[in-house]
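Coordinate analysis (summary)
Listed below, chain by chain, are the residues.
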There are 2 protein chains.
Amino acid sequence: MGLQFGILCFPDVQQLDMTAPYEVFASARGATVQLVWKNRGPVRSSTSLGMTPDVSFADAPAFDVLCVPGGGGVNALLRDEETLDFVRRQAQMARFVTSVCTGSLVLGQAGLLSGRRATTHWNAHDLLSAFGAIPVKERVVRDGPIITAGGVTSGIDFGLAVVAELLGREEAEIIQLTLEYAPAPPFDAGTPETASPAVVAAAKARIARSRAEREALIGITS
Amino acid sequence: MGLQFGILCFPDVQQLDMTAPYEVFASARGATVQLVWKNRGPVRSSTSLGMTPDVSFADAPAFDVLCVPGGGGVNALLRDEETLDFVRRQAQMARFVTSVCTGSLVLGQAGLLSGRRATTHWNAHDLLSAFGAIPVKERVVRDGPIITAGGVTSGIDFGLAVVAELLGREEAEIIQLTLEYAPAPPFDAGTPETASPAVVAAAKARIARSRAEREALIGITS
């Protein structure tokens with residue numbers, strides 16, 4: 001039987017955190033990818049994309065790889081014991097427990113990042129230490145069975161790294177070619193270090209409310 | 001009223017062709033993105049992601065930007081007059097008619113690429129001339145109101161270029177930073193020119209059946 005990937009699909013997920021690694025994983029030879037949530041009712045992403053989970057927590061198999069994406073909906077997960085328990089149970093069986101973007105905060109809240117090197121979206125990076133994690137500014141960070149990725153689009157680099165780890169470099173390269181992943185960003189504004197101060201300020205302002213809520217949640221629980 | 005983006009959501013679409021520009025467009029100030037299809041019943045992508053269209057052809061507004069993604073399901077669209085008519089009607093009103101990956105073949109079949117510079121996935125590039133298009137090997141190609149993108153992941157570069165065109169460079173840079181789009185592919189296999197011959201052969205073999213079907217369809221109609 002091929003590799004089984006499970007990706008957490010929750011309300012107000014940042015859908016590209018989920019759909020980018022989904023496409024990489026699903027392109028791997030023999031792989032199965034399932035969106036997993038509490039139930040199989042429709043879920044809307046933070047940008048309103050409507051998606052359908054494939055399997056419920058109760059019916060989920062022991063995934064080889066569990067992936068937790070990020071987004072505004074992460075805040076609710078930080079105090080959602082049902083979801084945190086599901087992540088912990090899967091972590092006991094999975095080869096890799098992984099995250100994209102602020103999904104790593106969920107891994108942290110589940111107690112999985114203690115003493116582990118990890119990363120997350122640039123605007124949440126300083127929050128990692130509240131979970132006892134060792135923050136690392138890289139796009140993909142592996143520490144034993146935990147693999148975390150940076151913000152949103154890093155999910156593609158991450159997906160290829162995970163496939164290379166599990167199925168070898170050639171398989172990952174075949175997928176990279178199939179997805180024509182030879183990126184050519186039209187601008188150089190992808191990190192706070194390269195973007196202009198005005199762009200950094202505007203980006204921070206747009207996510208300030210979610211960030212403030214998150215600080216309060218983590219402050220309470222850390 | 002903000003910009004209205006419509007993205008064609010059809011059975012066996014390559015979901016990342018759709019979800020990548022979706023996330024870029026949906027992050028733009030005041031923008032609305034809707035998945036549009038014949039009806040609002042659930043649709044499965046080529047890799048089995050379940051999605052829900054937001055609006056039917058009959059109820060769709062005149063979109064400012066129509067985007068046609070690619071994937072295996074494109075083959076059925078090449079002889080689907082209902083869909084081709086919808087694309088033609090929207091094209092008369094839209095500021096930009098666009099495609100990602102093999103979605104450009106649908107634009108071609110709808111008669112919109114005649115005499116136009118255009119691109120598509122590397123494995124379909126030679127098919128563009130059958131529609132009277134001028135094939136260009138670039139990741140994002142604009143010719144008047146037609147903007148076409150290369151394979152799958154080029155939809156991110158494309159999305160940012162479209163936002164820059166419509167809302168200015170700073171808005172596109174804010175989105176690039178929010179999505180942390182500073183790509184770092186782990187390998188250099190994203191194009192047939194950089195991938196090894198073995199990887200190119202394996203990638204071609206995986207999509208050979210769809211390609212053969214497509215050749216037959218285009219041969220018949222061109």
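If you're wondering where the values come from, they're calculated on a predicted model, not measured in any experiment. (Residues numbered from 1 in each chain as written. Chains lettered and ligands numbered in written order. Predicted model: local features only at pLDDT ≥ 70, side-chain atom pairs only at ≥ 80, totals over all residues. Heavy atoms only, no water.)

Details of the relation of the copies chain B and chain A
For these two chains of identical sequence, chain B goes onto chain A by a turn of 180° and a shift of 0.0 Å along the axis, with RMSD 0.0 Å. What we have between these two chains is a two-fold relation. The C-alpha atom lying nearest the rotation axis in chain B is that of M51 of chain B; the distance is 2.2 Å. (Least-squares fit on C-alpha atoms with pLDDT ≥ 70 in both.)

Quick notes on the interface of chain B and chain A
Each partner contributes residues to the interface: chain B has 62 residues there, and chain A has 62 residues. Buried area between chain B and chain A, both sides added, is near 5600 Å², and the carbon and sulfur share of it is 60%. Taken as a group, L177, E180 and F187 of chain B account for 14% of the area that chain B buries against chain A, more than any other trio of residues on that side. At the boundary of chain B and chain A, one finds four salt bridges. Across the pair R44 of chain A and D54 of chain B runs a salt bridge whose closest N-O atoms are separated by 3.3 Å. Summed over the shared surface of chain B and chain A, the result is 45 residue pairs in polar contact (both at pLDDT 80 or more). Those elements that provide at least two residues to the side of chain B that touches chain A are α1 (15–26), β4 (50–52), α5 (154–167), α6 (169–178) and α7 (197–206) of chain B. (Contact = heavy atoms within 4.5 Å. Buried area = accessible area lost by both parts, 1.4 Å probe. Salt bridge = Lys/Arg side-chain N within 4 Å of Asp/Glu carboxyl O. Polar contact = N/O pair within 3.5 Å; in protein donor to acceptor, adjacent residues only side chain to side chain. Helix = DSSP H or I, 4+ residues; strand = E, 2+ residues; numbered from the N terminus.)

Comments concerning the UniProt feature "domain: DJ-1/PfpI" (unreviewed entry) in chain A
Feature annotation in UniProt places "domain: DJ-1/PfpI" (unreviewed entry) on residues 7–164 of chain A, given in this structure's numbering. Secondary structure content for residues 7–164 of chain A is 30% helix and 22% strand, and the end C-alpha separation is 18 Å. (UniProt positions renumbered as here; feature names shortened; annotations may be inferred.)

Here's the deal with the pattern of salt bridges
Within this structure, the stated rule accounts for 26 salt bridges over all chains. We note a salt bridge from E171 of chain B to R206 of chain A, for which the minimum N-O separation is 2.7 Å. With E171 of chain B in helix α6 and R206 of chain A in helix α7 (residues 197–206), the pair connects residues from two separate chains. The class for E171 of chain B is buried, based on a relative accessible area of 3%. One network of salt bridges, with partners in common, ties together R29 and E171 of chain A together with R206 of chain B. (Buried < 20%, exposed > 50% of the residue type's maximum accessible area, 1.4 Å probe, protein only.)

A closer look at the environment of A161 of chain A
Locating A161 of chain A in the fold gives a position in helix α5 (residues 154–167). Remark: the alpha-carbon pair of A161 of chain A and D126 of chain A, spanning 35 residues in sequence, is separated by 24 Å. Setting aside anything within four residues of it in sequence, one finds A161 of chain A in contact with V140 of chain A together with P186 of chain B.

Details of the packing of α5 of chain B against α6 of chain B
All names here are of chain B. In the contact formed by α5 and α6, the axes pass within 6 Å of each other and the chain directions differ by 145°. In this structure, α5 meets α6 at a crossing whose hand is right-handed. In this structure, α5 contributes L160, V163, A164 and L167 to the contact, and α6 contributes R169, E171, A172, I175 and Q176. Within the contact of α5 with α6, the residues separate by chemical class into six nonpolar, one polar and two charged. (Axes fitted to C-alpha atoms, helices over the stretch in contact; angles between N-to-C directions. Left-handed = near helix turned anticlockwise from the far one by under 90°. Nonpolar A, V, L, I, M, F, W, Y, C, P; charged D, E, K, R; others polar.)

Quick notes on the environment of P42 of chain B
Residue and element names in this part refer to chain B. When you line up the elements, P42 lands in the loop between β2 (32–37) and β3 (43–44). Separated by 27 residues in the primary sequence, P42 and Q15 place their C-alpha atoms 13 Å from one another. Beyond its immediate sequence surroundings of up to four residues, P42 is in contact with M51 and P53.

Examining α7 of chain A
Of the positions making up α7 of chain A, those classed as buried are V199, V200 and A203 of chain A. End-on view of α7 of chain A: buried residues confined to an arc of 100°, all on one side of the axis. Structural note: α7 of chain A exposes P197 and A205 of chain A on the side pointing more than 90 degrees away from its buried face. In this fold, the buried residues of α7 of chain A make contact with α6 of chain B. (Arc of directions from axis to C-beta.)

Some details on the packing of aromatic side chains
All names here are of chain A. Counted according to the given criterion, the structure contains 10 aromatic pairs over all chains. Consider the rings of F10 and W37, whose centres lie 6.4 Å apart with planes at 50°: the pair is tilted. Of the two residues, F10 is situated in the loop between β1 (4–8) and α1 (15–26) and W37 in strand β2 (residues 32–37); the sequence distance between them amounts to 27 residues. With relative accessibility at 0%, the residue F10 sits in the buried group. On the accessibility criterion, W37 (8% relative accessible area) is buried. When the centroid spacing of 5.6 Å and the interplanar angle of 80° are considered together, the rings of W37 and F57 count as edge-to-face. With W37 in strand β2 and F57 in the loop between β5 (55–56) and β6 (65–68), this pair connects stretches of sequence that are 20 residues apart. (Phe/Tyr/Trp six-rings, centres within 6.5 Å; stacked < 30°, edge-to-face > 60°.)

A few points about unusual backbone geometry
Although it is not a glycine, S48 of chain A adopts a positive phi angle of roughly 80°. Here S48 of chain A is to be found in the loop between β3 (43–44) and β4 (50–52). Although it is not a glycine, V152 of chain B adopts a positive phi angle of roughly 25°. For V152 of chain B, the position within the fold is in the loop between β11 (146–149) and α5.

A closer look at the side chain of S154 of chain B
All names here are of chain B. Inspection of the secondary structure assignment puts S154 in helix α5. Looking at S154, the relative accessible area reads 0%, which means it is buried. Polar contacts involving the side chain of S154 include one to the main-chain carbonyl oxygen of G150, which spans 2.6 Å.

Concerning the sheet that holds β3 of chain A
Pairing between the strands of a sheet is mediated by backbone hydrogen bonds and can be parallel or antiparallel. With respect to topology, four strands assemble into an open sheet ordered β3(A)-β4(A)-β4(B)-β3(B), the strand pairing being antiparallel. For this open sheet the edge positions go to β3 of chain A together with β3 of chain B, each flanked by a neighbour on one side alone. As paired strands, β3 of chain B and β4 of chain B are joined by two bridges and run antiparallel to one another. Across the sheet, the residue bridging to R44 of chain B is G50 of chain B, located in β4 of chain B. (Pairing = 2+ DSSP bridges.)

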